[in-house]
Amino acid sequence: MNGQNNKDWLFAARAGLIMTLRGMGMRDTSTLAAIEKTPREAFIPSALHQHAYDNVSLPISHGQTISQPFIVALMTASLELTGRERVLEIGTGSGYQASVLSHLCRRVYTIERIRPLLVEAERRFKMLKLMNITSRLGDGQFGWPEAAPFDRVIVTCGASEIPLHLLAQIKDDGIMIVPVDSPGGHQKLKKVTWNEDRSAPVVKDMIDVRFVPLLSDVVEDKD
Ligand code: SAH
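Computed from a prediction, not measured in an experiment: that's the story for all the values here.

**As for the side chain of N55**
Tracing the backbone through its elements, the reader meets N55 in the loop between helix 2 (29–37) and strand 1 (58–59). Looking at N55, the relative accessible area reads 18%, which means it is buried. For N55, the side chain forms a polar contact with the main-chain nitrogen of F70, separated by 3.0 Å. Discounting residues that sit within four places of it in the chain, N55 has contacts with L17, T20, L21, M24, Q68, P69 and F70.

Structure (structure tokens):
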């Protein structure tokens, strides 16, 4: 494909994805606009470029995946962002979800446990001139205490139970979206908030999902 054909194809493929998401019931226009602004092909291996705008999860490296666009859209919309929030993401991965969020909130803090993935994601944030993303290497299950409290937390790896350390780092009216293991080897996407006197979490089940597991060891090595 020559440059112009490739550009035309990307433009059409991106518009097609937005139509697919609408067709699946995604009505949040600001979420759809942020997805439309984010070049997913920049977040995946070049061998998979023709699938960049398919509504499927795709392998990145180190056995990790970039989420299915519908799930990215659903999780993003469920955060109910107004543009003023500070959002913590656990599991930077390719950086795609963080990039989508960066258009919809004040600042994204994102933590990744695998250094080479983090380095790649940071390169993409720079290339796309996304200046409101702060990232670091570490075990995200303990959150980012120095930057807490957050308005929102989004966990993009599967937790074995509701991560209370992270819940402790959201404000009283905060929202956490997290995939949690459920019986039978499934994962349920959950929306977690605090009750009125912050004495207990309020948990709403959303849909079944499949994320790579949340693991606690930090990986320093290269490929
Ligand atoms: N949000 C990513 C997809 C994430 S895949 C994207 O848009 O591409 C899940 C990621 O979570 C993987 O990169 C994995 O390494 C990371 N991860 C798993 N457990 C973690 C932990 N305890 N702390 C930080 N990152 C973790």
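There's plenty left to go through after this.
**Comments concerning the packing of aromatic side chains**
Summed over the entire model, instances satisfying the criterion amount to 3 aromatic pairs. Plain terms: the ring middles of F43 and Y96 are 5.5 Å apart, the flat faces sit at 75° to each other, and that makes the pair edge-to-face. Of the two residues, F43 is situated in the loop between helix 2 and strand 1 and Y96 in helix 4 (residues 96–102); the sequence distance between them amounts to 53 residues. One exposure class covers both F43 and Y96, and it is buried.

**Observations concerning unusual backbone geometry**
Backbone geometry follows two general trends: most residues other than glycine have a negative phi, and most peptide bonds adopt the trans configuration. Backbone torsion omega between A148 and P149 reads 0°, so that peptide bond is classified as cis. Tracing the sequence through the fold places P149 in the loop between strand 5 (133–137) and strand 6 (150–155). Phi at K129 takes a positive value of approximately 55°, unusual for a residue other than glycine. Among the structural elements, K129 can be located in the loop between helix 5 (115–127) and strand 5. With relative accessibility at 65%, the residue K129 sits in the exposed group. With a phi close to 55°, R198 is a non-glycine residue in the positive phi region.

**Quick notes on the site of the ligand**
Looking at the ligand, there are 26 residues lining it, with S94, E112, D139, G140 and L215 nearest. At a separation of 2.6 Å, an oxygen atom of the ligand approaches a polar side-chain atom of S94. Within the backbone of L215, a nitrogen or oxygen atom sits 2.7 Å from a nitrogen atom of the ligand. For the ligand, the protein covers 100% of the area, taking 580 Å² as the surface of the free molecule. Structurally, the ligand is housed in the largest pocket. Listing elements by their share of the shell around the ligand, those giving two or more residues are strand 2 (65–66), strand 3 (86–90), helix 4 and strand 4 (107–112). Looking at side-chain class alone, the shell around the ligand contains 11 nonpolar, 11 polar and 4 charged residues.

Thresholds, definitions, all that
- Residues numbered from 1 in each chain as written.
- Predicted model: local features only at pLDDT ≥ 70, side-chain atom pairs only at ≥ 80, totals over all residues.
- Heavy atoms only, no water.
- Helix = DSSP H or I, 4+ residues; strand = E, 2+ residues; numbered from the N terminus.
- Buried < 20%, exposed > 50% of the residue type's maximum accessible area, 1.4 Å probe, protein only.
- Polar contact = N/O pair within 3.5 Å; in protein donor to acceptor, adjacent residues only side chain to side chain.
- Contact = heavy atoms within 4.5 Å.
- Phe/Tyr/Trp six-rings, centres within 6.5 Å; stacked < 30°, edge-to-face > 60°.
- Near = heavy atom within 4 Å.
- Areas by Shrake-Rupley, 256 points an atom, 1.4 Å probe, with all protein chains shown as cover.
- 1 Å grid on protein atoms, 1.4 Å probe; cavity = no way out; pocket = protein on both sides within 12 Å on 5 of 7 lines; lining within 4 Å.
- Sits in = over half its atoms within 2 Å of the grid points.
- Nonpolar A, V, L, I, M, F, W, Y, C, P; charged D, E, K, R; others polar.

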